[in-house]
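Structural features, examined
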Amino acid sequence: MSDWKTRTRLVHEGVRRSGYGEVSEAIFLTQGFVYDTAEQAEARFQAAGEDEYIYARYGNPTVRMFEERIAGLEGTEDGFALASGMAAVNAALTSMLRAGDHVVSSRALFGSCLYILEEILPRFGVEVTFVDGTDVDQWRRAVRRGTKAVFFETVSNPVLEVIDVAAVAEIAHGVGATVIADNVFATPIFSRAVEQGVDVVVYSATKHIDGQGRALGGVVLGTREFIRKTLEPYVKHTGAAMSPFTAWIMLKGMETLDLRVRAQSATAQRLAEALDGDARVSVIYPGLPRHPQHDLAMRQMGQGGTVLSLDIAGGQPAAFRFLNALEVVTISNNLGDAKSIVTHPATTTHQRLPDEAKAALGITPGLVRLSAGLEDPDDLVADLRRALDAI
Ligand SMILES: *Cc1c(COP(=O)(O)O)cnc(C)c1O
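Residues numbered from 1 in each chain as written. Predicted model: local features only at pLDDT ≥ 70, side-chain atom pairs only at ≥ 80, totals over all residues. Heavy atoms only, no water.

1. Regarding the site of the ligand
- Lining the immediate surroundings of the ligand are 14 residues, of which Met-86, Asp-182, Ser-204, Thr-206 and Lys-207 lie closest.
- Contact between the ligand and Gly-85: an oxygen atom at 2.8 Å from a main-chain N or O atom of the residue.
- At a separation of 3.3 Å, an oxygen atom of the ligand approaches a polar side-chain atom of Asn-157.
- Of the residues that constitute the shell around the ligand, the class distribution is 5 nonpolar, 6 polar and 3 charged. (Near = heavy atom within 4 Å. Polar contact = N/O pair within 3.5 Å; in protein donor to acceptor, adjacent residues only side chain to side chain. Nonpolar A, V, L, I, M, F, W, Y, C, P; charged D, E, K, R; others polar.)

This is the structure we're talking about:
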């Protein structure tokens, strides 16, 4: 099993078949499990063996299939699925931190990630130092002996800054800190996070893993030691378990993940190139040679990814006219979906931030995030051009 290639893993890894020999993964939509005897119940509560379950908050066969498939793909020893991407980010951090600990984090983060690091962790006595994640010297200056963890989005949402994962991991490991990466934008397909030194990889499965906008989900991936000794006790007692039905959706999503993500990334590259040089818009995309971290992105992911950002000349009024004129591309706030989606971060996902904080993160009034879907790229180029004309 260990030398299977990506597309084989995505279809077969982690499959558990019941006595019926079903082809498609079964949904074990059960909260609990029956024991033959009281002694068996006692033994299982003492130590559940491989593929033995107690209660769906602790684990479930369908959820376990998903965890094994995604851990096998990422190349980590183990994984734990959660109810959403934010539950996964929160659990990865909170399960390992305590009052008095120090964390260093990149400042350019998804709004809810920023809320955990800026508002929640300090409330419980964790000190967080924020850095410009693209400046390796700032990481070097911010870590200190006893820094417990570093946190970053490998490619930031929505301004697409690329973190030098190997360089930051080396700095973090120099002081014994755990490297936790929110890897949504790298996607499980382009990620090489483990070989680049990440200890704990977090995904919102809501994005590319589902890929069809149906369900919220998240997963934390890491060593067996971290997942079973640190994360699992926290998650099983605090309750953000993934539903077996959601795990089944994610398993089915994974079967087509490689095909979808590669097609979406190729489309994103095509759209970025089609609009680059148009005076009405400034294109931000790691796949364009003039992106400040283009070389790094190519070394790290080999691709620009499925999301690009457009800074529309004329600020918010022009950006709104652009969004409202789109006919194929949908206005929403998911990404990685089969449907191409545009978001205006300043008024939606990052609305909560004061203007100075938005400016510091590059979230300008004209900024539009565009997630490339599975439509015909020609139709998307035509739609974007028509909407630019309509401004
Ligand atoms: C969407 C997203 C999350 C949160 O995931 P949910 O599944 O919506 O909870 C976290 N980090 C990044 C980078 C995201 O894009």
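2. A word on the pairing of strand E12 (residues 367-371)
- Burial of E12 is extensive: 5 of the 5 residues sit out of reach of the surface.
- Bridge count between strand E9 (residues 307-312) and E12: 5 bridges; the pairing is antiparallel. If you follow Asp-311 over to E12, its bridge partner there is Leu-367.
- Examined bridge by bridge, strand E11 (residues 341-343) and E12 share 3 bridges and lie antiparallel to one another. Among the inter-strand pairings, Val-342 is bridged to a residue of E12, identified as Leu-370. (Buried < 20%, exposed > 50% of the residue type's maximum accessible area, 1.4 Å probe, protein only. Helix = DSSP H or I, 4+ residues; strand = E, 2+ residues; numbered from the N terminus. Pairing = 2+ DSSP bridges.)

3. Some thoughts on the sheet that holds strand E2 (residues 102-106)
- Read across the sheet, 7 strands follow the order E1-E7-E6-E5-E4-E2-E3 without closing on themselves; strand pairing throughout is mixed. The open sheet has two edge strands, strand E1 (78-82) and strand E3 (127-131), and neither has a second partner. If you compare each strand with its neighbour and ignore which way they point, the axes differ by 20 degrees on average.
- Relative to strand E5 (residues 178-182), strand E4 (residues 147-153) runs parallel, the two being bridged by 5 bridges. Paired with Ala-149 across the strands is Thr-178, a residue of E5.
- Taken strand by strand, helix H3 (residues 61-74) contacts E1, strand E6 (200-204) and strand E7 (218-222), and its axis lies near 130 degrees from that of E1.
- Its contacts with the sheet place helix H5 (residues 111-123) against E2, E3, E4 and E5, and it is angled at close to 140 degrees to E3. (Axes fitted to C-alpha atoms, helices over the stretch in contact; angles between N-to-C directions. Contact = heavy atoms within 4.5 Å.)

4. Topic: unusual backbone geometry
- For the bond running from Asn-157 to Pro-158, omega is 5 degrees, close enough to zero to count as cis.
- Examined against the element boundaries, Pro-158 turns out to sit in the loop between E4 and helix H7 (165-174).
- Notably, Asp-51 is not glycine yet its phi reads approximately 65 degrees, a positive angle.
- The class of Asp-51 is partly exposed, set by a relative accessible area of 42%.

5. Concerning the domain arrangement of the protein chain
- Per the domain assignment, the segments making up the protein chain are domain 1 (6-255) and domain 2 (257-390).
- Taking the mean C-alpha position of each, domain 1 and domain 2 sit 27 Å from one another.
- With 44 residues of domain 1 in contact, the opposing surface of domain 2 contributes 38 residues.
- Roughly 3,200 Å² of surface becomes buried between domain 1 and domain 2 when both sides are summed, with 63% attributable to carbon and sulfur atoms.
- Joining domain 1 to domain 2, the criterion identifies 0 salt bridges.
- If you look at where domain 1 meets domain 2, you find 18 residue pairs in polar contact (both at pLDDT 80 or more).
- Broken down by secondary-structure element, the contributors of at least two residues to the side of domain 1 that touches domain 2 are helix H1 (6-12), H5, helix H8 (187-190) and helix H10 (244-255). (Domains from an automatic or database assignment. Buried area = accessible area lost by both parts, 1.4 Å probe. Salt bridge = Lys/Arg side-chain N within 4 Å of Asp/Glu carboxyl O.)

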